[in-house]
Amino acid sequence: MAPLTLADELVLLAYDDTGVNRLGRPHLDYGLSGAVLLELALAGRVEMTDDRLVVKDPTPVGHPLLDDALARVAADGKRRRPKDWISRLAKGLPDQVLSGLVDAGVLRRDSDRVLLVFPRTRYPSPTGAEPAAETAARQRMIDALLADGPVEARTAALLGLTRAVGLDRKIFRELPKERLKARTTEIADGDWASAATKKAIEETQAAIMMATTVTTTAAIITTTS
């Protein structure tokens, strides 16, 4: 199986063992579009220039999802901020990532109807237990949080991504809140990527937080009005 992308790992962490999305929509959608941008930044394909996301290297990465996003950013006539791309890339991403994981045998697609009326699709692992790839991603992050010193770039990016969508509070419940907050901040400030790459990643994570916060606030206002 090909190496998992950050988007793949985010989906695995977002879905519980019964195959239900515990992060919710559109939080997952925005998180996945952010994951794609982070992946492109780590691959040296995009960076920040004058507060705008620009393509540094248009060479395909070799992954259809990432190459499609790279081509869209490269072909766009306007120089946009990461927050503009979060919503533009989000449409259809969950289905694409989930289908890829199903095709790879990491997840299984189960479709049925609730009360024989409402369609429902779940994505548990074929064994019914937590997928090995999810366990590995989670352990990689826990090891980084419990250790001191430098952190590998992809792990640092995944930690920032889970924090941006609020998933860290769900998957690191066993860690003391003070330690989690302090170490996550330390990792974010660490020297694990070039300045241009880190700038793109930081702006993307901030854009995810803004998009999910706006959505949550709007939902609260609608519910209470």
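*Asks:* Explain the packing of aromatic side chains to me, please; I cannot follow it from the model alone.
*Replies:* Between two aromatic rings, the relevant description is the distance of the centres plus the angle of the planes. In this structure the tally under the stated criterion is one aromatic pair. Relative to Y123, the ring of Y15 lies with its centre 6.0 Å away and its plane at 85°, an arrangement referred to as edge-to-face. On the criterion of sequence distance, the pair formed by Y15 in the loop between α1 (6-14) and α2 (27-42) and Y123 in the loop between β4 (118-122) and α6 (132-146) is long-range, its members being 108 residues apart. With relative accessibility at 8%, the residue Y15 sits in the buried group. Relative accessible area serves as the criterion here: at 8%, Y123 is assigned to the buried category.

*Asks:* In this structure, what is going on with the packing of helix α3 (residues 64-75) against helix α4 (residues 82-90)? I would like to understand it.
*Replies:* Axis angle and axis distance: for two packed helices, these are the angle between their axes and the distance between the axes, and together they describe the pair. Two numbers describe how α3 lies on α4: the axes approach to 12 Å, and their chain directions differ by 130°. It follows that α3 is oblique to α4 by the angle criterion. Here α3 runs over α4; the crossing is right-handed. Where α3 abuts α4, its residues A69, R72 and V73 lie against W85, R88 and L89.

*Asks:* When you look at empty space enclosed by the protein in this model, what are you seeing that I'm missing?
*Replies:* Which parts of space are left empty comes out when a probe the size of a water molecule is rolled across the atoms. Tallied over the entire structure, the rule returns one cavity of 30 Å³ or more. The residue makeup of the lining of the largest cavity, split by class, is seven nonpolar, one polar and three charged.

*Asks:* I would appreciate a short explanation of the pattern of salt bridges in the present structure.
*Replies:* Two side chains carrying opposite charge are able to pair once their charged atoms lie near each other. Within the structure shown, the criterion is met by 15 salt bridges. Note that D76 is salt-bridged to R80, the shortest N-O span being 2.9 Å. With a relative accessible area of 22%, D76 lands in the partly exposed category. The salt bridge partner of K83 is D84, with a shortest N-O separation of 3.5 Å. By relative accessible area, D84 is classed as partly exposed at 24%. Linked by salt bridges that have partners in common, D112, R120 and R122 make up one network.

*Asks:* Explain the nonpolar core here, please?
*Replies:* Among the nonpolar cores identified, the biggest contains 65 residues, and V11, L32, L101, L107, L167 and F172 are the most heavily contacted of them. Considering every element that reaches this core, the biggest residue donor is α2, with nine residues. Aside from chain neighbours lying at most four places away, what touches L32 is A7, L10, V11, L93, P94 and V97.

*Asks:* I keep staring at the side chain of E9 and nothing clicks. Help me out?
*Replies:* Here E9 shows up in helix α1. When its relative accessible area of 8% is taken as the criterion, E9 is described as buried. If sequence neighbours within four positions are ignored, E9 has contacts with L4, A137, R140 and L158.

*Asks:* Quick question: what am I supposed to make of α1 here?
*Replies:* At 3.6 residues per turn, the α-helix brings residues three or four places apart onto the same side. For α1, a buried count of nine out of nine residues is recorded, marking the element as mostly surrounded by other parts of the structure. Of all the positions in α1, only L6, A7, D8, E9, L10, V11, L12, L13 and A14 are classed as buried. At its buried positions, α1 is contacted by α2, α5 (93-103), α6, α7 (153-164) and α8 (168-171).

*Asks:* Please clarify how the pairing of strand β2 (residues 52-55) should be interpreted in this entry.
*Replies:* Working note: regular strand, side chains alternate between the two faces of the sheet. By the bridge criterion, four bridges tie strand β1 (residues 46-49) to β2 in an arrangement that is antiparallel. Counterpart to M48 in the pairing with β2 is L53. What sits between the antiparallel neighbours β1 and β2 is a turn of two residues, in which D50 has the positive phi angle 55°.

*Asks:* It is not clear to me how the packing of α1 against α6 should be interpreted in this structure. Could you clarify?
*Replies:* Two elements in contact, α1 and α6, have axes whose closest approach is 9 Å; the angle formed by their N-to-C orientations is 95°. It follows that α1 is roughly perpendicular to α6 by the angle criterion. Residues E9, L12 and L13 of α1 form the contact with α6, whose participating residues are A133, E134, A137, R138, R140 and M141.

*Asks:* Help me out: how do you make sense of a nonpolar patch on the surface in this one?
*Replies:* The grouping of V114, L115, L116, V117 and F118 at the surface amounts to a nonpolar patch, some 560 Å² of accessible area in total. Along the chain, V114 turns up in strand β3 (residues 110-114).

*Asks:* How should the pairing of β3 be read in this particular structure?
*Replies:* Both β3 and β4 contribute to a ladder of five bridges, which runs antiparallel. Counted as the bridge partner of V114 is F118 from β4. Hairpin connection, β3 to β4: the antiparallel pair is bridged by three residues, and L115 has positive phi, about 55°.

Conventions we followed
Residues numbered from 1 in each chain as written. Predicted model: local features only at pLDDT ≥ 70, side-chain atom pairs only at ≥ 80, totals over all residues. Heavy atoms only, no water. Phe/Tyr/Trp six-rings, centres within 6.5 Å; stacked < 30°, edge-to-face > 60°. Helix = DSSP H or I, 4+ residues; strand = E, 2+ residues; numbered from the N terminus. Buried < 20%, exposed > 50% of the residue type's maximum accessible area, 1.4 Å probe, protein only. Axes fitted to C-alpha atoms, helices over the stretch in contact; angles between N-to-C directions. Parallel < 35°, antiparallel > 145°, perpendicular 65-115°, else oblique. Left-handed = near helix turned anticlockwise from the far one by under 90°. Contact = heavy atoms within 4.5 Å. 1 Å grid on protein atoms, 1.4 Å probe; cavity = no way out; pocket = protein on both sides within 12 Å on 5 of 7 lines; lining within 4 Å. Points joined across faces, edges and corners; volume = space filled by probe spheres on them. Nonpolar A, V, L, I, M, F, W, Y, C, P; charged D, E, K, R; others polar. Salt bridge = Lys/Arg side-chain N within 4 Å of Asp/Glu carboxyl O. Core = buried A, V, L, I, M, F, W, Y, C linked by side-chain atoms within 4.5 Å. Pairing = 2+ DSSP bridges. Patch = residues over 30% accessible without salt bridge, like charges linked within 9 Å, V, L, I, M, F, W, Y side chains within 5 Å. Areas by Shrake-Rupley, 256 points an atom, 1.4 Å probe, with all protein chains shown as cover.

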